[in-house]
Amino acid sequence: MPKLWSSGFGEDTDALVDELNASISFDKRLYREDIAGSAAHAEMLARQGIIERSEADAIIAGLGAILADIEAGRFEFRQSDEDIHMAIEAELTRRVGKPGKRLHTARSRNDQIALDFRLYLKKEISKIRHMLLSLLETLCGIAENNLDAVMPAYTHLQRAQPSTLAHYMMAYANMLRRDVTRLEDCAERMDFSPLGSGALAGTTYPIDREMTARELGFSGITENSLDGVSDRDYAIELLSALSILMTHLSRFSEEIILWCSWEFRFIELSDSFSTGSSIMPQKKNPDVAELVRGKTGRVYGALVALLTVMKALPLAYNKDMQEDKEQVFDAVDTVKKCLPVFTAMLATAAIRRDNMRAAAAEGFINATDCADYLTRRGMPFRDAYAITGRLVKLCAGEKLTLETLPLARYRELSELFESDVYDAIRLETCVRERRSAGGPAPESVRVQIESVRRFMEEHNDARI
Ligand code: ARG
């Protein structure tokens, strides 16, 4: 196939090479960014007197018409065009003739792809941020309605201490809030235009990089042309932020799956967010949560793949780098697919507060509170811990709980126990008294919700 770049070549490339080499099948999704970049470049070339005004006008009008055709589904992407940059440039030249051939002055596909990818990912980050904000909204809503919904919290998956569903939701809200800021940090570092880096060594033409950067909405320009075309940190960083985000969704999914089991029955997913079994009529499966947990692997895979692609590449551009796009696109698509369905699944789930309360009432999760009771009466914590341990053992042997053990039995182990011990170890008391900052007491959780809501207000703009 003859190519735009084949000036010094004696023979056409082999069809097998064409197939391996072409990226058009996946980089065609960058058409908007590619066209915007080309229009800004043409405008700058004219303003700097590098091409004629009339040529720039023809280029910009031609690009606009191509954009309209692509959006209307009237544009045919061909493998022979190799990539999105050549597809659009070739079509432009077909349409407007000579000015089209001037567009590539002072530019290379190396800075073009670096530009397109950054422009595209900036927009995708913004979409993901907003999806995260609506998940945060859902979490705050569930928390507000469940401030006093006592449930056991676990360590080693053993019932450990009393918490509430609200406290639990806000734990995830805090993780996801950090994900929002990680994405914002990433977008901020990505926000520099590489356009004008050329192939790697800039250009002898008097270009104005600041102008194209401004025009395209960047906060500045990349400061070194070699780095400008070689850098894929921004994509790696995004994949890393997305991987951490998926870790959070995956842990959350795991809990939802457990909570849906008959062993827990803390929540019940709505029918529209569950699936049935083709053979077992009694089954209601949490497929959405399982798929989110499963898809986390794809996103991690993309991160490791891109790190591996980049790890030994000498400066500047190498064709290996074309492998970045499918990985990043897949990770971004995956996260965008998971977040809204996860949010909706959570928003429509029924909470079984009675089952949570019942699970909290078993398993001696108020044992720490019993020890604290003795400590408040002057006993050193370690002694109080030992006595409570003996009480728990005693209860377990007689199928009693700390709530049902008679006072006389308490007093056999310590005279410090009075009848008010029962109030001290009531689950509601245990939760209410844990009002230290960050704790599960409704008043502490209310502070946590307010803080996340304030964050949402401050970050709910289109800044980045
Ligand atoms: N399709 C290429 C990519 O995605 C664009 C850059 C090509 N540059 C080159 N020198 N072959 O990486």
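Residues numbered from 1 in each chain as written. Predicted model: local features only at pLDDT ≥ 70, side-chain atom pairs only at ≥ 80, totals over all residues. Heavy atoms only, no water.

Draft legend 1. Spotlight on the overall build of the protein. Regarding its fold elements, the protein presents 20 helices and 6 strands. Radius of gyration (C-alpha) of the protein: 30 Å, far over the 23 Å computed for a compact globule of 464 residues. In terms of overall dimensions, the protein has a C-alpha envelope of 100 × 50 × 40 Å along the principal axes. Looking at the protein residue by residue over its 464 residues, the buried ones come to 49%. One way to put it: in the protein the 59 positive side-chain charges average out to a point 3 Å from where the 71 negative ones average out. (Helix = DSSP H or I, 4+ residues; strand = E, 2+ residues; numbered from the N terminus. Rg over C-alpha atoms; globule rule 2.2 N^0.38 Å. Buried < 20%, exposed > 50% of the residue type's maximum accessible area, 1.4 Å probe, protein only. Lys, Arg positive; Asp, Glu negative; His and termini not counted. Charge placed at Lys NZ, Arg CZ, Asp CG, Glu CD.)

Draft legend 2. Inspection of the pattern of salt bridges at higher detail. Within the structure shown, the criterion is met by 45 salt bridges. Linking E91 and R94 is a salt bridge whose minimum nitrogen-to-oxygen distance equals 3.0 Å. Taken as a pair, E91 and R94 lie in helix α5 (residues 84-96) at a separation of 3 residues, close to a single helical turn. By relative accessible area, R94 is classed as partly exposed at 48%. Here R432 makes a salt bridge to E433, at a shortest N to O gap of 3.8 Å. E433 sits in the partly exposed class, given a relative accessible area of 43%. Taken together, the shared-partner salt bridges in this structure form one network comprising D69, R74, E91, R94 and R95. (Salt bridge = Lys/Arg side-chain N within 4 Å of Asp/Glu carboxyl O.)

Draft legend 3. Representation of the packing of aromatic side chains within the structure. Tallying each qualifying case throughout the model produces 14 aromatic pairs. Taken together, a centroid distance of 5.3 Å and an interplanar angle of 70° make the contact between Y120 and F329 edge-to-face. On the criterion of sequence distance, the pair formed by Y120 in helix α7 (residues 109-145) and F329 in helix α13 (residues 324-347) is long-range, its members being 209 residues apart. Of the two residues, Y120 and F329, neither departs from the other in class, the shared state being buried. Between Y154 and F264 the ring centres are 5.9 Å apart and the planes differ by 50°, which places this aromatic pair in the tilted class. (Phe/Tyr/Trp six-rings, centres within 6.5 Å; stacked < 30°, edge-to-face > 60°.)

Draft legend 4. Layout of the state of the cysteines. Using the criterion set out here, one finds 0 disulfides in the structure. Of the cysteine sulfurs around C260, a residue in no disulfide, the closest is that of C338, at 17 Å. (Disulfide = S-S within 2.5 Å.)

Draft legend 5. Region of interest: α7. The first and last C-alpha atoms of α7 sit 54 Å apart over 37 residues, in line with the 54 Å expected at 1.5 Å per residue. With 27 of 37 residues buried, α7 lies mostly within the body of the structure. (Expected span 1.5 Å × (residues − 1).)

Draft legend 6. Region of interest: the packing of helix α3 (residues 31-47) against helix α4 (residues 53-71). At a minimum axis separation of 8 Å, α3 and α4 run at an interaxial angle of 170°. The orientation of α3 with respect to α4, classified from their angle, is roughly antiparallel. Counting all contacts with α3, which are made through Y31, R32, I35, S38, A39, A42, E43, A46 and R47, the residues of α4 involved are R53, A56, I59, I60, L63, I66, L67, I70 and E71. Residue classes in the contact of α3 with α4 are distributed as 12 nonpolar, 1 polar and 5 charged. (Axes fitted to C-alpha atoms, helices over the stretch in contact; angles between N-to-C directions. Parallel < 35°, antiparallel > 145°, perpendicular 65-115°, else oblique. Contact = heavy atoms within 4.5 Å. Nonpolar A, V, L, I, M, F, W, Y, C, P; charged D, E, K, R; others polar.)

Draft legend 7. View of the site of the ligand. The ligand sits among S23, D27, D83, H85, R109, N110, I113, Y317, K319, Q322 and K325. A distance of 3.1 Å separates a nitrogen atom of the ligand from a polar side-chain atom of D83. Taking K325, its side chain carries an N or O atom lying 2.7 Å from an oxygen atom of the ligand. Considering the ligand on its own, with 350 Å² of exposed area, one finds that the protein chains cover 87% of that surface. With 3 residues, α7 is the single largest residue contributor to the shell around the ligand. Partitioned by chemical class, the residues of the shell around the ligand number 2 nonpolar, 4 polar and 5 charged. (Near = heavy atom within 4 Å. Polar contact = N/O pair within 3.5 Å; in protein donor to acceptor, adjacent residues only side chain to side chain. Areas by Shrake-Rupley, 256 points an atom, 1.4 Å probe, with all protein chains shown as cover.)

Draft legend 8. Geometry of helix α15 (residues 367-376). The set of residues buried in α15 consists of A367, D369, C370, A371, Y373 and L374. For α15, the elements touching its buried residues are β2 (158-164), α16 (381-397), α17 (407-413), α18 (421-424) and α19 (427-433). Positive phi shows up at G378, right after α15, with a value of about 105°.

Draft legend 9. Representation of a nonpolar patch on the surface. On the surface, L200, L226 and L315 cluster together to form a nonpolar patch covering roughly 270 Å² of accessible area. Secondary-structure assignment places L200 in the loop between β3 (192-193) and α9 (209-215). Classification of L200 by relative accessible area gives partly exposed; the value is 38%. (Patch = residues over 30% accessible without salt bridge, like charges linked within 9 Å, V, L, I, M, F, W, Y side chains within 5 Å.)

Draft legend 10. Up close: unusual backbone geometry. Going from L315 to A316, the amide bond is cis rather than trans, its omega being 5°. Relative to the assigned elements, A316 resides in the loop between α12 (287-310) and α13. Phi is positive for R265, which is not a glycine, with a value near 55°. If you trace the backbone, R265 turns up in the loop between α11 (233-260) and β5 (267-268). The phi torsion at K399 lies on the positive side, around 55°, for a residue other than glycine. The topology assignment puts K399 in the loop between α16 and α17.

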